[in-house]
Amino acid sequence: PRSAPPARHAGAVYAGRHRIRRGPRRRRRRRRRRRRRPAAALPAAVCFAAVNIAIKVLARKDDPAVIVVYANVLVIPLALIPALFEWVPITWDDVPLILGVGIFGTLAQFSLTRAVALADARVVQPFDFLRLPFAALIGWLLFDEISDIWTWVGAIIIFVAAYYVLAFETRRLK
């Protein structure tokens, strides 16, 4: 008859059995999460469109700087909720990055608000979507982050759409 494994191996045996038992369940959960991702795109697109409409309406009476302040005042409490659950103490090394994100994010929001106030949203949005290829390029240059093929397919579609809108609007104005 076989003897029982030494007590020091009991934890490893249990962990191995537990891992084997839980493996397929985790894979199923991951597959379910992947299926939900496309479903999340529709509400995100609706919210994005609502924000652009709100910017266009507010821009009739308010300055773009005021709209940016309104947006930040609205976002801070909404961002605080998930931040409380995932909070990590800030180090001094993080301060320049946080300031950079804050400054450039505010400038980007101000620029987009000003562009939507001055031009039609259908002209502005394709250029706003150029953030995707630029983010992928910066990720590759600064962080050696390799994007998958679908990121670049999307970037090409965005570039072609932006070029088409620009060419069409230029011809229409002539």
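On a predicted model such as this, the values are computed, not experimentally measured, just so you know.

A.B. asks: Break down the overall build of the protein for me, citing the residues and quoting the values.
C.D. replies: Across its full length, the protein carries six helices and zero strands. In the protein, which comprises 174 residues, the proportion classed as buried is 14%. Accessible surface for the protein amounts to roughly 14700 Å². Of this, 70% is attributable to carbon and sulfur atoms.

A.B. asks: How would you summarise the environment of Ala-115 if you had to cite specific residues and measurements?
C.D. replies: Topologically, Ala-115 is positioned in helix H3 (residues 95–118). The spatial distance from the C-alpha of Ala-115 to the C-alpha of Lys-56 is 9.7 Å, given a sequence separation of 59 residues.

A.B. asks: Go over the environment of Ala-119 with me, naming the residues and quoting the values.
C.D. replies: Following the sequence through the fold, Ala-119 ends up in the loop between H3 and helix H4 (121–128). By relative accessible area, which is 27% here, Ala-119 ends up partly exposed. For the pair Ala-119 and Lys-56, spaced 63 residues apart in the sequence, the C-alpha separation amounts to 9.4 Å. Contacts of Ala-119, omitting those with residues within four sequence positions, involve Lys-56 and Val-124.

A.B. asks: Please set out unusual backbone geometry residue by residue, giving values where relevant.
C.D. replies: Even without being a glycine, Asp-144 presents a positive backbone phi close to 55°. Its place among the elements puts Asp-144 in the loop between helix H5 (131–143) and helix H6 (149–173).

A.B. asks: Describe in detail the layout of surface pockets, supporting the description with residues and values.
C.D. replies: Approximately 460 Å³ is the volume attributed to the largest pocket. Among the secondary structure elements, those contributing two or more residues to the lining of the largest pocket are helix H1 (7–58), helix H2 (64–86) and H3. Here the lining of the largest pocket gets seven residues from one element, more than from any other, and that element is H1. Looking at the lining of the largest pocket residue by residue, the classes come out as 13 nonpolar, four polar and two charged. As a volume, the second largest pocket reaches approximately 360 Å³. Considering the residues around the second largest pocket, the lining is formed by Ala-108, Ser-111, Leu-112, Ala-115, Val-124, Phe-127, Asp-128, Leu-130, Arg-131, Phe-134, Ala-135 and Ile-138. When residues of the lining of the second largest pocket are traced back to their parent elements, those giving at least two are H3, H4 and H5. The class makeup of the residues in the lining of the second largest pocket is nine nonpolar, one polar and two charged.

A.B. asks: Which residues make up the packing of H3 against H4, and what are the values?
C.D. replies: Look at H3 against H4: their axes get within 8 Å of each other, and the N-to-C directions meet at 155°. When the axes of H3 and H4 are compared, the pair comes out roughly antiparallel. Along this stretch, H3 crosses H4, giving a crossing that reads as right-handed. Residues Leu-112, Ala-115 and Val-116 of H3 pack against Val-124, Gln-125 and Asp-128 of H4. Here the residues of the contact of H3 with H4 are counted per class, giving four nonpolar, one polar and one charged.

A.B. asks: Lay out the packing of H2 against H3 with the relevant residues and their values.
C.D. replies: Where H2 meets H3, the axes come as close as 9 Å, and the angle between the chain directions of the two elements is 125°. Taken together, the axis directions place H2 and H3 in an arrangement best described as oblique. By crossing handedness, the relation of H2 to H3 is classed as right-handed. Between H2, through Pro-64, Ala-65, Ile-67, Val-68, Ala-71 and Asn-72, and H3, the contact on the second element is made entirely by Thr-106, Gln-109, Phe-110, Thr-113 and Arg-114. Classifying every residue of the contact of H2 with H3 by side-chain character gives six nonpolar, four polar and one charged.

Rules used throughout
Residues numbered from 1 in each chain as written. Predicted model: local features only at pLDDT ≥ 70, side-chain atom pairs only at ≥ 80, totals over all residues. Heavy atoms only, no water. Helix = DSSP H or I, 4+ residues; strand = E, 2+ residues; numbered from the N terminus. Buried < 20%, exposed > 50% of the residue type's maximum accessible area, 1.4 Å probe, protein only. Areas by Shrake-Rupley, 256 points an atom, 1.4 Å probe, with all protein chains shown as cover. Contact = heavy atoms within 4.5 Å. 1 Å grid on protein atoms, 1.4 Å probe; cavity = no way out; pocket = protein on both sides within 12 Å on 5 of 7 lines; lining within 4 Å. Points joined across faces, edges and corners; volume = space filled by probe spheres on them. Nonpolar A, V, L, I, M, F, W, Y, C, P; charged D, E, K, R; others polar. Axes fitted to C-alpha atoms, helices over the stretch in contact; angles between N-to-C directions. Parallel < 35°, antiparallel > 145°, perpendicular 65-115°, else oblique. Left-handed = near helix turned anticlockwise from the far one by under 90°.

The values are spatial; any link to function lies outside them.
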